[in-house]
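Each chain, written out:
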Amino acid sequence: MLSELLLTEISRLNAQTRLPLHRQLYEALRRAILDGKLSPDERLPSSRDLVQDLQMSRNTVVAALNQLTVEGYLVSRVGSGTYVSSKVPLRPTSPMTVTRHQPVERLSHRGEDLSTQFCASKLEIQPFTPGIADFSAFPVALWQRLQNKHWRMTYPEMLDYSSSGGYAPLRRAVADYLRVFRSVPLEVEQVIITSGTQESLELCSQLLADHGDTVWIEDPAYWGAGKAFLATGLVLHPVRVDDQGMAAQPADTTTPPKLIYVTPSHQYPTGAVMSLARRHTILSLANQHQAWVLEDDYDSEFRFSGPPISSLAGLDTQGRVLYMGSFSKVLYPGLKLGYMVVPKGLAAAFKRAHYDLNRPGQMPVQAALAEFIDMGHFAAALRKARQSYAQRRHSLLAALQPCLGPHAQITGAEQGLHLCLRLPDGIDDRALALQIGKLGLTVRPLSAYCLKRQDMRGLVIGYGYAPLAEIERFGPLLASALNQALASLGPITSAELLPQR
């Protein structure tokens, strides 16, 4: 009897879901039709009979029947009743006569690379995680007041997409900051506000290169840049990094680049600072090959020793450098706002394409940030962050001091929120990172950042997220684990000495 079949199915659905009763009846009837338990052109009992048999209200029954009729499972014939449609395809019920094909769940080759190569989701927020800033001190109450103010004052156009490259006062604030502190010669019209460095890299890849073009990328490299280039169909050509930054060799020039991606002020992850001579070489190569240089100045705000390092864009006289940065290291990552400076001749095209490809918005947030900067809060937050990170850096260096020697050397500690502990080839840095992870600490193996080369071992250790008290507590624990690993190497020979830096 149909009512018994429906009540059984409704009881099962009720145990599994919290659907409204009319929806449960709808699902029960629909499944009975698709499974062939109700035949095509079979007449259903009247709604009055279903109300009585199922002990449901008339509204519940009528709602389910109407929905099935609208979707084509049932047809109503005037003066005759309601019937199962003859056009509904039935589900196969006999495994003896039907071969069931499972959908092939396979990514493209590019999708496989993007989903398996160095996944950022594995970077847990634990002491010594590299690439993470401490945003716990961010002035949330002040930020909320500024946002609320601009939401109250928002004009309709502020709720629309932005085709001008971003909120004008924010672009002016960025231009003023870069002129003074990074020696970037620019006009406001060259500044484009993006959702961060990843979007900036993708936009450059889409507008300055074609599918299959070559991008020179540092080796070892920032994983996010590699993913951005792969996602846009570019071919990565790894160029080795030494203690002066990207070191292009004659063999590299046989694969001419369309783009050259560099982190010259603080190479990620080794921390190398690109020398002046090397900077001029990169600019010369870019001009020679008519390539574009993408300068990722990701943590230049935090320099703790030595003179400030001028930007590569400040040396560019040919208009080949596109400069990019982000607010996430000083403020907080979820802000999702960054900026890029493009050559004058490209500014209009970049703004048009940015609008069409990304539909940029968040204008009230950009307005709040512009006021945050103009009122001096950004400078205050930066000063406070510098002081805090300098203390953490000093504490971490002190904790690691007992590990240092011919077996282990630190690079990249003059700037940024991480340092690189170089280790000899005899160390399995991936296994060591896993071992340290068992202590509740997160460090990254240097070899994991390498694209082609196989000669780099070490640990990338962050101090940005860990509070000073945690560095003082866990630093000795990290040093102890390192000393145990280094002790297993035995006496060192002159051939095994790490290069002095």
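All values derive from a computational prediction rather than experimental measurement. (Residues numbered from 1 in each chain as written. Predicted model: local features only at pLDDT ≥ 70, side-chain atom pairs only at ≥ 80, totals over all residues. Heavy atoms only, no water.)

A word on the confidence of the model for the chain. Averaged over every residue, the pLDDT of the chain is 86; residues scoring 70 or more account for 90%. Below pLDDT 50 for its whole length, residues 93–100 participates in three contacts with residues either more than four positions away or in separate chains. (pLDDT = per-residue confidence, 0-100. Contact = heavy atoms within 4.5 Å.)

Turning to the sheet that holds strand 4 (residues 214–219), a few remarks are in order. Here eight strands make up an open sheet; going across it, the order is 3-10-9-8-7-4-5-6 and the pairing mixed. The open sheet has two edge strands, strand 3 (191–194) and strand 6 (245–246), and neither has a second partner. Contacting strand 3, strand 9 (321–326) and strand 10 (338–341), helix 7 (residues 168–181) runs over the sheet at an angle of about 115 degrees to strand 3. Here helix 8 (residues 197–208) sits on the sheet and contacts strand 3, strand 7 (259–262), strand 8 (292–296), strand 9 and strand 10; the angle it forms with strand 9, its principal contact strand, is near 160 degrees. (Pairing = 2+ DSSP bridges. Helix = DSSP H or I, 4+ residues; strand = E, 2+ residues; numbered from the N terminus. Axes fitted to C-alpha atoms, helices over the stretch in contact; angles between N-to-C directions.)

By size, the foremost hydrophobic cluster in this structure holds 77 residues, and its most contacted members are F327, L369, I461 and L478. Not counting the four nearest positions on each side in its chain, L369 is found in contact with W143, L170, F327, L331, L335 and L337. By size, the runner-up hydrophobic cluster in this structure holds 33 residues, among which are I217, Y261, L294 and M340. (Core = buried A, V, L, I, M, F, W, Y, C linked by side-chain atoms within 4.5 Å. Buried < 20%, exposed > 50% of the residue type's maximum accessible area, 1.4 Å probe, protein only.)

To continue, consider the sheet that holds strand 12 (residues 418–423). Taking strand neighbours across the sheet as the criterion, the four strands line up as 11-12-14-13 in an open arrangement whose pairing is antiparallel. At either margin of the open sheet sits one strand with a lone partner, and together these are strand 11 (409–411) and strand 13 (444–445). By the bridge criterion, two bridges tie strand 13 to strand 14 (residues 457–462) in an arrangement that is antiparallel. Pairing of P445 across the sheet is with L459, part of strand 14. The sheet contacts of helix 13 (residues 377–400) involve strand 11, strand 12 and strand 14, and relative to strand 12 the element is tilted by about 15 degrees. Relative to the sheet, helix 14 (residues 429–437) contacts strand 12, strand 13 and strand 14, its axis offset from that of strand 14 by approximately 35 degrees.

Moving on, we get to the packing of helix 8 against helix 11 (residues 344–358). At a minimum axis separation of 11 Å, helix 8 and helix 11 run at an interaxial angle of 110 degrees. As the angle between them shows, helix 8 and helix 11 are arranged roughly perpendicular. Judged by the twist between their axes, the crossing of helix 8 over helix 11 is right-handed. From helix 8, E199, L203, C204, Q206, L207 and L208 reach across to helix 11, where they touch L346, A349, F350, A353, H354, L357 and N358. Per-class residue counts for the contact of helix 8 with helix 11 are nine nonpolar, three polar and one charged. (Parallel < 35°, antiparallel > 145°, perpendicular 65-115°, else oblique. Left-handed = near helix turned anticlockwise from the far one by under 90°. Nonpolar A, V, L, I, M, F, W, Y, C, P; charged D, E, K, R; others polar.)

On the secondary structure map, L107 appears in the loop between strand 2 (81–84) and helix 5 (109–116). When the C-alpha positions of L107 and L382 are compared, they lie 43 Å apart, and in sequence the two are 275 residues distant. In contact with L107, other than residues within four places in its own chain, are E112 and S115.

The next point concerns unusual backbone geometry. Cis geometry marks the peptide bond from D219 to P220; its omega dihedral reads 10 degrees. Secondary-structure assignment places P220 in the loop between strand 4 and helix 9 (223–231). Between Y268 and the following residue, P269, the backbone shows a cis peptide bond with an omega angle of 15 degrees. Position of P269 relative to the elements: it lies in the loop between strand 7 and helix 10 (276–289).

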